[in-house]
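Observations on the model geometry
The primary structure of each chain is shown beneath.
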Amino acid sequence: MLFSSFPYVFCFLPVVVLGFWAVAKLGHVPARWFLITASLVFYALGDARGIPYLLLSALVNCWFGVRIGAAQQGLKSRLLRLGLGLNVFQLLIVKYWAFLVSAVGLTPPAHGWHVPVGISFFTLIQIIYLIDCAEGLAVPHDLRQHLLFSSFFPYVTMGPLVRSRDVPRELPTAGAGLPADNAARAIEFFVFGLFKKTVFAQSLAALSDTGWGMTRRLSVAEAWLTVIAFALELYFDFSGYTDMAIGSAALLGVKLPLNFDAPYKATSIIMFWKRWHITLSSFITTYLYTPLMRLRRRPSFGWAMTVTVVSMVIAGLWHGAAWTFVIFGLFHGVALVINHLWRRAKLPFPDFLGWLLTFGFVAGTLILFRAPSVAVAEEMVGNLLGHGGHGFDVDAFLSSGLAAVRALMALAAAAVCLFAPTSQAVVAKFGASYRRAAFIVVAALAALVFMNSLAAKEFIYRDF
Amino acid sequence: MDEILMRLQPIFRDVFDQKNLEISRESNAATVEGWDSLTHVSLVLSLEQEFKVKFGLGELQELENVGGIVDLITRKLG
């Protein structure tokens, strides 16, 4: 079920929120079971076949968490290694089997594994949890706590990546209730996310999908428009989803971590990765980059740069089992190295030029994100450089209706991500006023109109 | 606690390669030039050597400002 769909906005979310606060009056246990059931229903509506898998992952990691928490030092680290190994192994087998087999020159099986929705996200969440248990930073969950932690519907399919401390061990009970201003903030977050997805991302998708549907015929200008539109679409799609996740969880009294902080305002690639998919960047830095750095007692700059590239290649591959993602990671790793070398040399770089280069680089490398294969990515790069066709007739785009509105919304989206404050900055300044209420109502109505008029499109990160 | 802050000063100057860098409890990645993921890890490794402590991976995200670093080291030494 999409967050940006009528069944979710008008049925699932209100029923779960009202039901939860009603059941919470009966105590922790029924409240927790209520949310577990709601979360499993949510997951099953998107991928029923993935349910046994999600449950198995939760049960196995629950067992490991308890054992790791209780074990003495030597056994603790052996159990941790075994638990982490199992998580990585199952991800490799389920998601990457065909890719790995074809990478070594063999023919992959015709019928691969079913890849459960959100496997890349919920596996990383389990990995963080086991490490937190081993380091004494999380008290191991009991079964109920862990089932909810593993399946909580706001983040189970697409993050943000959470830690044990992000999901309260004790849910609110009778008398606690949800303060009215917290509810209003949560609704604002949700409305901003819904608007980002339905008005901005889907308008941009109309442009980028048209271009990507005819990569053999694009003129230079059309190719650039397509590439830039996709970069903006991906941002509004994923950050819109995250805002809706944060808003949904906040309505249940749970505060999720932020995932975006105006990444397209970044003036360097280092700054970009501090602001884009923050919980994943943080995971890569903490659980991949740091242990690799610690392999050396006094890591040299050269070692740090090697580790940077390796970490980014793995981060690229995390997104999907394809060479396009490997190359994407490699490009970003190399760009970070160049950025670090530049800083080390203490050479100046004008902000505007830095922004232009960063955005251009990110948009350019996102071709690899969107292209179904390296060959098609090369075709698009050829178009950008003027080796493409003579342009497509704009009929395909215009005939899809609402073309002018969409084009206008795409322009507005570009202005918003470059100049407007972030959702979290706006919500942080919350104060009840008629003007603010009118703003939110108009945004919500616009989102609903677009939700109704455009074919609902899946979130891009759902496939990762 | 002040003593820890004083011991941090030369480490920060060394890691960030700024001879005149002055830090306070409020200093963070936004106020100290060059504080990025790379220098953060170098800083953590230097701190571990100086104070003979070992930070858990999950604790690294708490070290986002000097005050957090001082508090965590105080807890570890205490």
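Preceding block: the structure.
Because the structure is predicted, anything quoted here is derived from the model rather than measured. Note that residues are indexed from 1 along each chain, following the sequence as it is written. In the order they appear in the text, chains get letters beginning with A and ligands get numbers beginning with 1. Totals for whole chains, interfaces and linings use every residue, but because this is a predicted model, local features are given only for residues with pLDDT of at least 70 and side-chain atom pairs only at 80 or more, for both listing and counting. Side-chain measures were taken over the full set of non-hydrogen atoms in the model, leaving aside hydrogen atoms and water.

Below, the discussion takes up the overall build of chain B. The helix and strand inventory of chain B stands at three helices and zero strands. Atoms counted for the radius of gyration: C-alpha only. Globule rule: 2.2 Å times the number of residues to the power 0.38. A compact globule built from 78 residues would reach a C-alpha radius of gyration of about 12 Å, and chain B, at 11 Å, matches this within 12%. Taken along its principal axes, the extent of the C-alpha atoms in chain B is 30 × 25 × 20 Å. Type-normalised accessible area, obtained with a 1.4 Å probe on protein chains alone, sets the label of each residue: buried when under 20%, exposed when over 50%, and partly exposed for intermediate values. Burial status across chain B gives 50% buried among its 78 residues. For chain B, the share of sequence-separated contacts (at least 6 apart) that also reach a separation of at least 24 residues comes to 52%. Helix numbers and strand numbers start at the N terminus; a helix is a DSSP run of H or I with at least 4 residues, a strand a run of E with at least 2. Any pair of residues with heavy atoms lying within 4.5 Å of one another is described as a contacting pair.

Counting secondary structure elements, chain A contains 18 helices and zero strands. Across its three principal directions, the C-alpha atoms of chain A cover 65 × 60 × 50 Å. With 464 residues in all, chain A has 52% of them scored as buried. To measure how exposed things are, a 1.4 Å probe is used in the Shrake-Rupley method; for residues, cover is taken only from the protein chains shown. Surface exposure of chain A reaches about 20600 Å², of which carbon and sulfur atoms provide 70%. One finds the centroid of the 35 positive side-chain charges in chain A at a distance of 11 Å from the centroid of its 21 negative side-chain charges. Positive charge is attributed to Lys and Arg, negative charge to Asp and Glu, and no charge count is given to His or to the chain ends. For charged residues, the charge sits on one atom: NZ in Lys, CZ in Arg, CG in Asp, CD in Glu.

Attention shifts here to the interface of chain A and chain B. With 26 residues of chain A in contact, the opposing surface of chain B contributes 21 residues. Defined in terms of a 1.4 Å probe, buried area is the accessible area two parts forfeit on being brought together, summed over both. Roughly 1900 Å² is buried in total at the junction of chain A and chain B, and carbon and sulfur atoms are behind 55% of that figure. Every case where a carboxyl oxygen of Asp or Glu lies within 4 Å of a side-chain nitrogen of Lys or Arg is listed as a salt bridge. Taken together, the connections running from chain A to chain B amount to three salt bridges. The partner of B:Glu48 in a salt bridge is A:Arg294, and the shortest N-O contact between them spans 2.5 Å. Pairs of N or O atoms are called polar contacts if they sit within 3.5 Å, as long as, within protein, a hydrogen donor faces a hydrogen acceptor (for residues adjacent in sequence, only side-chain-to-side-chain pairs). At the junction of chain A with chain B, the criterion picks out nine residue pairs in polar contact (both at pLDDT 80 or more). Of all elements in the fold, only helix 5 (119–134), helix 9 (269–275), helix 10 (278–293), helix 11 (301–319) and helix 12 (323–344) of chain A reach the threshold of two or more residues within the side of chain A that touches chain B. Looking at the side of chain A that touches chain B element by element, the count peaks at eight residues for helix 10 of chain A.

Okay, the nonpolar core next. Ranked by size, the top nonpolar core spans 155 residues in total, and within it A:Tyr264, B:Leu8 and B:Phe12 carry the most contacts. Tallying contributions element by element places helix 8 (residues 220–250) of chain A first for this core, with 15 residues. Dropping the residues within four chain positions of it, B:Phe12 is found in contact with B:Asp17, B:Leu21, B:Ile23, B:Trp35, B:Leu43, B:Val66 and B:Ile69. Nonpolar cores were defined as sets of buried Ala, Val, Leu, Ile, Met, Phe, Trp, Tyr and Cys residues, with membership established by side-chain atoms within 4.5 Å. Ranked by size, the runner-up nonpolar core spans eleven residues in total, among them A:Tyr289, A:Ala304, A:Val309 and B:Val41.

On to the packing of helix 4 (residues 73–103) of chain A against helix 11 of chain A, then. Residue and element names in this part refer to chain A. At a closest axis distance of 11 Å, the pairing of helix 4 and helix 11 adopts a crossing angle of 105°. The angle between helix 4 and helix 11 falls in the class roughly perpendicular. Contact residues: helix 4 offers Lys95, Tyr96 and Phe99, while helix 11 offers Leu317, Trp318 and His319. In this count, Pro and Cys sit with the nonpolar residues alongside Ala, Val, Leu, Ile, Met, Phe, Trp and Tyr, while Asp, Glu, Lys and Arg are called charged and the others, Gly among them, polar. Considered class by class, the residues forming the contact of helix 4 with helix 11 number four nonpolar, one polar and one charged. A fitted line through C-alpha atoms serves as each axis, taken over the contacting stretch for helices, and the angle formed by two N-to-C directions is quoted from 0 to 180°. Our angle categories are set so that under 35 degrees counts as roughly parallel, over 145 as roughly antiparallel, 65 to 115 as roughly perpendicular, and the remainder as oblique.

All right, on to the packing of helix 10 of chain A against helix 2 (residues 37–51) of chain B then. For any two helices packed against each other, the geometry comes down to the angle between their axes and how far apart the axes lie. Interhelical geometry of helix 10 of chain A versus helix 2 of chain B gives an angle of 55° and a closest axis separation of 11 Å. Overall, the two elements helix 10 of chain A and helix 2 of chain B adopt an arrangement that is oblique. Once helix 10 of chain A is placed against helix 2 of chain B, the crossing between them reads as right-handed. For the pair helix 10 of chain A and helix 2 of chain B, the contacting residues are A:Thr285, A:Tyr289, A:Thr290 and A:Met293 in the first and B:Ser37, B:Leu38 and B:Val41 in the second. Two helices cross in a left-handed way if the nearer one is turned anticlockwise from the farther one by less than a right angle. They cross in a right-handed way if the turn is clockwise.

Moving on: a nonpolar patch on the surface. All names here are of chain A. For patches, a residue must show more than 30% relative accessible area and have no salt bridge; joins then use 9 Å for like charges and 5 Å for nonpolar side chains, namely Val, Leu, Ile, Met, Phe, Trp and Tyr. On the surface, Trp342, Leu347, Phe349, Phe352, Leu353, Leu356 and Leu357 cluster together into a nonpolar patch covering about 700 Å² of accessible area. Topologically, Leu357 is positioned in helix 13 (residues 351–370). Relative accessible area serves as the criterion here: at 54%, Leu357 is assigned to the exposed category.

The subject of this paragraph is the layout of surface pockets. Taking a probe equal in size to a water molecule and rolling it over the atoms shows the remaining empty space. Residue and element names in this part refer to chain A. Volume-wise, the second largest pocket comes out at about 790 Å³. Lining the second largest pocket are 28 residues, and of these Val88, Ile127, Phe283, Tyr287 and Leu288 sit closest to its centre. Secondary structure elements with two or more residues in the lining of the second largest pocket: helix 4, helix 5, helix 10 and helix 11. Residues of the lining of the second largest pocket, tallied by class, amount to 21 nonpolar, four polar and three charged. With a 1 Å grid laid over protein atoms only, a set of points is called a cavity when a 1.4 Å probe fits there but cannot get out and a pocket when it is open yet has protein on both sides within 12 Å along at least five of seven lines; lining residues have an atom within 4 Å of a point. Grid points are joined across faces, edges and corners, and a volume is the space filled by probe spheres set on the points.

Bringing unusual backbone geometry into the picture now. Residue and element names in this part refer to chain A. Between Gly159 and Pro160 the backbone carries a cis peptide bond, its omega angle lying at 5°. Residue placement: Pro160 occurs in the loop between helix 6 (143–151) and helix 7 (180–212). Residue Ala262 is not a glycine yet carries a positive backbone phi of 50°. For Ala262, the position within the fold is in the loop between helix 8 and helix 9. The residue His277 is not glycine, and still its phi comes out positive at about 40°.

Any two side chains of opposite charge can pair, given that their charged atoms come close. All names here are of chain A. Under the criterion given, the structure shown has 13 salt bridges over all chains. Salt-bridge contacts for Asp237 lead to Lys197; the nearest nitrogen and oxygen are separated by 2.7 Å. With Asp237 in helix 8 and Lys197 in helix 7, this pair connects stretches of sequence that are 40 residues apart. The exposure classification of Asp237 matches that of Lys197, with both residues buried.

Honestly, that's just the spatial picture; any functional story needs more than this.
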